[in-house]
Each structure stands twice: as structure tokens, then as C-alpha cells.
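Observations on the three-dimensional arrangement
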Amino acid sequence: MLRNALGKACRFLGYTVQYGCIAHCAFEYLGGIVVCSGPSMEPTIQNSDVVFSENLSRHFYCIQKGDIVIVKSPNDPKSNICKRVIGLEGDKVCTSNPSDFLKSHSYVPKGHVWLEGDNLRNSTDSRCYGPVPYGLIRGRICLKIWPLNDFGFLRASPNGHRFLDD
């Protein structure tokens, strides 16, 4: 009887480890559900919106200008941030605030991206902490799940003029 109970416990533990590994791989490589907080991505993503973040794009280096990404915060590695990609390596980007009279520009270094929130007046982004290493990107947001009246793919940036073609 003890042997039977021990066998069942070992099988249960084995299945738990197997399914735990499968779940880890699914969330690490495929994607997951994320609750966004803060005003920096308004009006595209509101505080407490629920989105789906897919992780394959970062593994295959398919992140493009205009994508909204989840990134490990350069200021606080324990938290994630949600921002829009404005520039990829080698791109010329405007590094000044929209209200600045004189505009300053810079080039994104190799292996980095330039990130900004859609709410430029209320966003801590690359204008504050500079270019972000590509390796900090956790995933690309492709779908808004909640609220249901906003369900669907995300709309284009309200700051399209920030994308420079130089």
C-alpha cells in the first residue's frame, strides 16, 4: 500500500514537472496575457487594458517601427514597460520633447531600439533613458483583449510624425 501511494506521488510529481516545463516554454516563447498600467500609451492602450503579447517576433528579430512592445524597464529590471518602437538600429530619431523649440536628433546604436509612449507629455521613455538594448524586449503586443468594446488589433500611432525617414 505504501509502495502504491509512493508510486502515485512520483507519477503526479513527474506530470507536474512536465506540464510546468510545457507552460514555461509556452509563456516564454509563444506569448501571454498582459495587464497594462499607467498613462504613457494613452489613447492606444488605457490603464488596466488587457492585451496579448506574442514573443516569437523578438526571437526572430522581426520587431519593426510602429510595433508596441513589452520591455524590461532600463530603470527598474523588476518591472516591465509598454512602449512603441520609434526607431531601430541605425535610424535617425528626434530625441527632444514635442514642446521643445529646438529639435535635437540622434542615431540609434547597433543592437538597440528607440522607444516612446503614445502619450508624449506623460511618458518616461527613450527621451529620458536613451536607446534600449534589443535584448530587453520581452514581446510584441498584437491584440487588445479587454475591454471587449475595444477588442481587436491595435491602431496606428497618434504620433506618426515622430517616425523619421532619414
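In the nomenclature of an unreviewed UniProt entry, the protein chain corresponds to Mitochondrial inner membrane protease subunit from the organism Melospiza melodia. Regarding the protein chain, the relevant UniProt record gives this comment under Subunit (unreviewed entry): "Heterodimer of 2 subunits, IMMPL1 and IMMPL2." As its UniProt record puts it under Subcellular location (unreviewed entry), the protein chain is described as follows: "Mitochondrion inner membrane".

On a plain count of helices and strands, the protein chain comes out with three helices and nine strands. Moving toward the C terminus, one meets the helices and strands of the protein chain in the order α-β-β-α-β-β-β-β-β-α-β-β. Taken over the C-alpha trace, the protein chain has a radius of gyration of 20 Å; the compact-globule value for 166 residues is 15 Å, which it surpasses by more than 25%. The dimensions of the protein chain, computed from C-alpha atoms along their principal axes, are 80 × 40 × 25 Å. Considering only intrachain contacts with a sequence separation of at least 6, the fraction spanning at least 24 residues in the protein chain is 55%. A total accessible area of about 10,100 Å² is found for the protein chain, and carbon and sulfur atoms account for 60% of it.

For the rest of this paragraph, the subject is the layout of surface pockets. The space that makes up the largest pocket amounts to roughly 510 Å³. Of all the secondary structure elements, the ones that give two or more residues to the lining of the largest pocket are helix H1 (2-30), strand S1 (31-35), strand S4 (80-87) and strand S9 (137-146). Element by element, the count of residues in the lining of the largest pocket is highest for S1, at five residues. In the lining of the largest pocket, the residues fall into 12 nonpolar, 15 polar and four charged.

The next thing to look at is the nonpolar core. In terms of nonpolar packing, the biggest core is built from 11 residues, these being Ile63, Val69, Val71, Ile81, Val85, Val113, Leu115, Tyr129, Val132, Tyr134 and Ile137. Look past the residues within four positions of isoleucine 81 in its chain and what remains in contact with it is Val69, Ile70, Val71, Ser73, Pro74 and Tyr129. Judged by nonpolar contacts, the second largest core, of eight residues, contains Cys36, Met41, Ile70 and Cys82.

So, on to the pairing of strand S7 (residues 112-116). S7 sits mainly inside the fold: four of its five residues count as buried. Pairing geometry for S4 and S7, over three bridges, is antiparallel. Residue arginine 84 lies in a different strand from S7, and its bridge partner there is glutamate 116.

Let's shift gears to the UniProt feature "domain: Peptidase S26" (unreviewed entry) in the protein chain. Taking the UniProt record as the reference, the feature "domain: Peptidase S26" (unreviewed entry) is found at residues 17-97 and 104-146. As annotated, residues 17-97 comprises 22% helix and 32% strand, and the C-alpha atoms at either end are separated by 49 Å. In this annotation, residues 104-146 is assigned 9% helix and 47% strand; the end-to-end C-alpha distance for the span is 38 Å.

Quick notes on the rules
- Residues numbered from 1 in each chain as written.
- Predicted model: local features only at pLDDT ≥ 70, side-chain atom pairs only at ≥ 80, totals over all residues.
- Heavy atoms only, no water.
- UniProt positions renumbered as here; feature names shortened; annotations may be inferred.
- Helix = DSSP H or I, 4+ residues; strand = E, 2+ residues; numbered from the N terminus.
- Rg over C-alpha atoms; globule rule 2.2 N^0.38 Å.
- Contact = heavy atoms within 4.5 Å.
- Areas by Shrake-Rupley, 256 points an atom, 1.4 Å probe, with all protein chains shown as cover.
- 1 Å grid on protein atoms, 1.4 Å probe; cavity = no way out; pocket = protein on both sides within 12 Å on 5 of 7 lines; lining within 4 Å.
- Points joined across faces, edges and corners; volume = space filled by probe spheres on them.
- Nonpolar A, V, L, I, M, F, W, Y, C, P; charged D, E, K, R; others polar.
- Core = buried A, V, L, I, M, F, W, Y, C linked by side-chain atoms within 4.5 Å.
- Buried < 20%, exposed > 50% of the residue type's maximum accessible area, 1.4 Å probe, protein only.
- Pairing = 2+ DSSP bridges.

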